[in-house]
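Residue-level structure breakdown
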Amino acid sequence: MIVSMASANFVHSPCFSTKTLRPATSSLNRFIIFSSNYSYRPLVVKAQAKRGIIQKDVLLEEEIATPDDLKFEAPLEIVLYPDPRLRSKNKRVATFDDNLKNLADEMFDVMYKTDGIGLSAPQVGINVQLMVFNPVGERGEGEEIILVNPKVIKYSKKVAPYTEGCLSFPGINADVVRPEIVKVDAQDITGANFTLSLSRLPSRVFQHEFDHLEGILFFDRMSAEVVESIRTELMELEQKYEDRTGLPRPESVETRKRWKAAAGFGKS
Ligand SMILES: CSCC[C@H](NC=O)C(=O)N[C@@H](C)C(=O)N[C@@H](CO)C(=O)O
Ligand SMILES: [Fe+2]
């Protein structure tokens, strides 16, 4: 596991605008950051949709996960590209119970085991709005962050490149340009609302995972030249999917242009 300079710095200097992140010493201490009085967005959205203030498709985005949607079996396994679950709609979480806490715990387990620094629920086959991350990538070090139903309030105009890897694309690393700073509303594992501002590696990891929750994969964000440099590896993953499942690949890098059209910042 390589700890980059960025994540090492993260341990010692604040990349969160909040000051109450707790050390990742116990799974009970994963309840982080501060609560704000931010209004409960799903209810507002539903009310607005009812009154015709916002479009119907915004309401559809608010579909709520059922207990079945949140059922899982441990140990979790990472879903690999081009599995269609990586492109499926991820439902909002409305039940903040022990099952959700256990799911987040299991996600951290598989994330650490696979040398990850972040993981989204669709990457373990659970299509709900849940992500976990720890930019240090080591159990017991850094901060363990759980975000439920995150929404981006604001992206910085300033962008930066960074060489990203994705657990759903083992062995592939390539440059992705993203906004440097992001402001987020989310709920914690208890359902409490909070707002946070992220920069540097935490911002990068959050954005990568947030994209997963939107069905966007890191190569959707890459320039044509960068995609070209990993095209062979992507096609190898597509072939492995067919060999493993006996199913035709549900997408191919050849269809990338279609996905690319959907990937823009500031759409949330
Ligand atoms: C830079 S955002 C990467 C987030 C990603 N999460 C889910 O796909 C992830 O954890 N990717 C890993 C391949 C990763 O970045 N691992 C670290 C630590 O080993 C790395 O520097 O490669
Ligand atoms: Fe990923």
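Presented here is a report on the structure given in the accompanying data block. On a predicted model such as this, the values are computed, not experimentally measured, just so you know.

1. A few points about helix α4 (residues 98–113)
Helical geometry note: an α-helix holds 3.6 residues per turn, so side chains three or four residues apart project in the same direction. Given a rise of 1.5 Å per residue, 16 residues ought to cover 22 Å, and the 22 Å separating the end C-alpha atoms of α4 matches this to within 8%. Where α4 is concerned, the buried positions are L100, L103, A104, M107, F108, V110, M111 and Y112. Residues of α4 that are buried make contact with β1 (118–120), β2 (130–133) and β3 (145–155). At the N-terminal end of α4, a side-chain oxygen is found 3.3 Å from the backbone nitrogen of N99, two or three residues along, and the residue is D97. Of the residues trailing α4, D115 is marked for its positive phi of about 60°.

2. Section: the coordination of the iron ion (ligand 2)
Every protein donor of the iron ion (ligand 2) is listed here as C166 (SG), H208 (NE2) and H212 (NE2), and their distances to the metal cover 2.1 Å. Viewed at the metal, the 4 donor atoms of the iron ion (ligand 2) are separated by angles of 99 to 128°, and the geometry they form is tetrahedral. Between consecutive donors of the iron ion (ligand 2), the numbers of intervening residues give the motif C-x41-H-x3-H. Highlighted residues: C166 in the loop between β4 (159–165) and β5 (173–179) and H208 in helix α5 (residues 200–213), separated in sequence by 42 residues. As far as burial versus exposure is concerned, C166 and H208 are alike and both buried.

3. Observations regarding the sheet that holds strand β7 (residues 193–198)
In space, the 5 strands of this open sheet follow the order β1-β2-β3-β6-β7, with antiparallel pairing throughout. In the strand order of this sheet, the two ends are held by β1 and β7, each with one partner. Strand-to-strand twist across the sheet, computed as the mean angle between neighbouring axes with direction ignored, equals 40°. Relative to β3, β2 runs antiparallel, the two being bridged by 4 bridges. Its bridge partner lying in β3, M131 is registered against L147. Contacts between α4 and the sheet are confined to β1, β2 and β3, with β2 contributing the most and set at about 45° to the helix.

4. With respect to the site of ligand 1
Within the structure, ligand 1 sits among 17 residues, and I117, G118, Q123, L167 and E209 are positioned closest to it. Contacts to ligand 1 include I117, whose backbone N or O atom sits 2.7 Å from an oxygen atom. Coverage of ligand 1 by the protein chains reaches 85% of its 540 Å² of free accessible surface. In terms of residue class, the shell around ligand 1 is made up of 7 nonpolar, 6 polar and 4 charged.

5. Examining unusual backbone geometry
Excluding glycine, residues mostly carry a negative phi; peptide bonds, for their part, are mostly trans. Here A74 and P75 are connected by a cis peptide whose omega angle stands at -5°. Position of P75 among the secondary structure elements: in the loop between α3 (56–60) and α4. Residue P82 is bonded to the preceding Y81 through a cis peptide linkage, with omega at 5°. Locating P82 in the fold gives a position in the loop between α3 and α4. Even without being glycine, D115 reaches a positive phi, approximately 60°. Looking at the element boundaries, D115 is found in the loop between α4 and β1.

Procedures and definitions
- Residues numbered from 1 in each chain as written.
- Chains lettered and ligands numbered in written order.
- Predicted model: local features only at pLDDT ≥ 70, side-chain atom pairs only at ≥ 80, totals over all residues.
- Heavy atoms only, no water.
- Helix = DSSP H or I, 4+ residues; strand = E, 2+ residues; numbered from the N terminus.
- Expected span 1.5 Å × (residues − 1).
- Buried < 20%, exposed > 50% of the residue type's maximum accessible area, 1.4 Å probe, protein only.
- Contact = heavy atoms within 4.5 Å.
- Polar contact = N/O pair within 3.5 Å; in protein donor to acceptor, adjacent residues only side chain to side chain.
- Donors = N, O, S within 2.8 Å, 3.2 Å for Na, K, Ca; no water.
- Tetrahedral: all angles 85-135°; square planar, octahedral: opposite > 155°, others 65-115°.
- Pairing = 2+ DSSP bridges.
- Axes fitted to C-alpha atoms, helices over the stretch in contact; angles between N-to-C directions.
- Near = heavy atom within 4 Å.
- Areas by Shrake-Rupley, 256 points an atom, 1.4 Å probe, with all protein chains shown as cover.
- Nonpolar A, V, L, I, M, F, W, Y, C, P; charged D, E, K, R; others polar.

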